[in-house]
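# Overview (structure and organization)
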Amino acid sequence: MNIDMLTQIFTSGVAFAILLIVAATGESISERAGVLNLSMEGMMLTGAFASVLASATTESAVLGVAAGVLAALLFGVVQALLTVRFRADQIVVGIAANALALGLTTYGARILLDDGKGQGVAGFSGVDIPVLTDIPVVGPALFGQSLLGYLCVAVVIAIALVFSGQTMAGVRVDAVGEDAISAGWTGLSVNKIRALCVLLASATGGLAGAQLPLSEVQSFSENMTAGLGYLAVVAVIAGRWKVLGIVWACVFFGVARALQFALPAVGVDIPYAVLVMLPYVIAIVAISGVVGGRRAPTCLTVPYAGRS
């Protein structure tokens, strides 16, 4: 395997990892507050569809991103109402929402993006940072992203800083996720905090959904996320609800995905199914307690029935 092949693998892996990182970072905040968003898959798929539809209609990639985030936010409002306000089972809601999103986007694509309208839409091209992109292997991957890719990185950094364990916002989110009853008695609005965290997760899901078509392929295809939302949830578990751990998990998943296509090309005979299941194996190992680190929030998936 030569330098060019390694560069290609790392570049493809990082591009895939960026959209996972931004979705997983938002998901981690929601989970720290006690709400599991299995519907992240549907949020990302809805964001991808809306961004391509808006980009094709307006010929503006920026408006496409805005539409993708807005569509996912609307998705998040429904998620918050069902799981936070009405205390519906979070896992059931997530699975049902993903199925609904798949059906709606498939039908919408066939009606609204027919005759090639959803192909070759306005998107974002790569922006090379001088000198840094010349660094062997890692340069093109880290310093040759699109403007939307750099925006995703900036969003991740902002969320990590605002919701760290040392800020008031981060402490409140953790308090709600660890002991909602006690947090409510101290005067915190548990349901409001949880709802806002769900909306934050949906916004990052929409941004990640827009990143996939507008920075990578400039088109929409049915079920194009193909489990990426679930993988974002897996990354949160594998990263032990820590931003740095989540980043490393997503990079690992991204490189593993790139290897799915690169290894057969260089004659390495590893079953494709092994590479596909590897991220989920890592998540099982992480959640089993074999790998040390932060445990899951105590009130994750537990509805709050106390004072709002």
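Before any of the text, the structure's been laid out above.
Residues numbered from 1 in each chain as written. Predicted model: local features only at pLDDT ≥ 70, side-chain atom pairs only at ≥ 80, totals over all residues. Heavy atoms only, no water.

Once that is clear, we can look at helix α6 (residues 147–162). A rise of 1.5 Å per residue sets the reference length of α6, with its 16 residues, at 22 Å; its end C-alpha atoms lie 22 Å apart and thus fit the reference within 8%. Buried within α6 are the following residues: L148, G149, C152, V156 and I159. Angularly, the buried residues of α6 cover 105° about the axis, an arc narrow enough to put them on a single face. Seen from the open side of α6, the exposed residues pointing more than 90 degrees away from its buried face are L147 and L161. On its buried face, α6 is in contact with α1 (3–32), α3 (61–85) and α9 (190–217). (Helix = DSSP H or I, 4+ residues; strand = E, 2+ residues; numbered from the N terminus. Expected span 1.5 Å × (residues − 1). Buried < 20%, exposed > 50% of the residue type's maximum accessible area, 1.4 Å probe, protein only. Arc of directions from axis to C-beta. Contact = heavy atoms within 4.5 Å.)

The next point concerns the layout of surface pockets. As a volume, the largest pocket reaches approximately 470 Å³. Forming the boundary of the largest pocket are 23 residues, of which F16, A226, L228, R257 and Q260 lie nearest the centre. Secondary structure elements with two or more residues in the lining of the largest pocket: α1, α9, α10 (228–238), α11 (243–265) and α12 (272–287). Here the residues of the lining of the largest pocket sort into 17 nonpolar, 4 polar and 2 charged. There is about 340 Å³ of room inside the second largest pocket. Every residue lining the second largest pocket is counted, 16 residues in all, and those nearest its centre are I18, I21, L142, V153 and V247. Secondary-structure elements contributing two or more residues to the lining of the second largest pocket are α1, α5 (138–143), α6 and α11. Across the lining of the second largest pocket, the residue classes break down as 15 nonpolar, 1 polar and no charged. (1 Å grid on protein atoms, 1.4 Å probe; cavity = no way out; pocket = protein on both sides within 12 Å on 5 of 7 lines; lining within 4 Å. Points joined across faces, edges and corners; volume = space filled by probe spheres on them. Nonpolar A, V, L, I, M, F, W, Y, C, P; charged D, E, K, R; others polar.)

Glancing now at the pattern of salt bridges. In this structure the tally under the stated criterion is 2 salt bridges. One salt bridge connects R32 with D174, and the closest N-O pair in it is separated by 2.8 Å. Taken as a pair, R32 in helix α1 and D174 in helix α7 (residues 168–178) lie far apart in primary sequence, 142 residues in all. Pair check on accessibility: R32 and D174 agree, each one buried. (Salt bridge = Lys/Arg side-chain N within 4 Å of Asp/Glu carboxyl O.)

Inspection of the entire model under this criterion finds 2 aromatic pairs. Measuring from ring centre to ring centre gives 5.5 Å for F49 and F220, while their planes differ by 70°; the resulting arrangement is edge-to-face. With a gap of 171 residues between them, F49 in helix α2 (residues 40–58) and F220 in the loop between α9 and α10 connect regions that are remote in the sequence. By relative accessible area, F49 is classed as buried at 12%. A relative accessible area of 6% means that F220 is categorised as buried. On the numbers, 6.1 Å between centres and 65° between planes, the contact of F252 with F253 is edge-to-face. Overall, the relative accessible area of 36% leaves F252 in the partly exposed class. Note on F253: relative accessible area 1%, which makes it buried. (Phe/Tyr/Trp six-rings, centres within 6.5 Å; stacked < 30°, edge-to-face > 60°.)

Coordinates in, geometry out; function isn't part of it.
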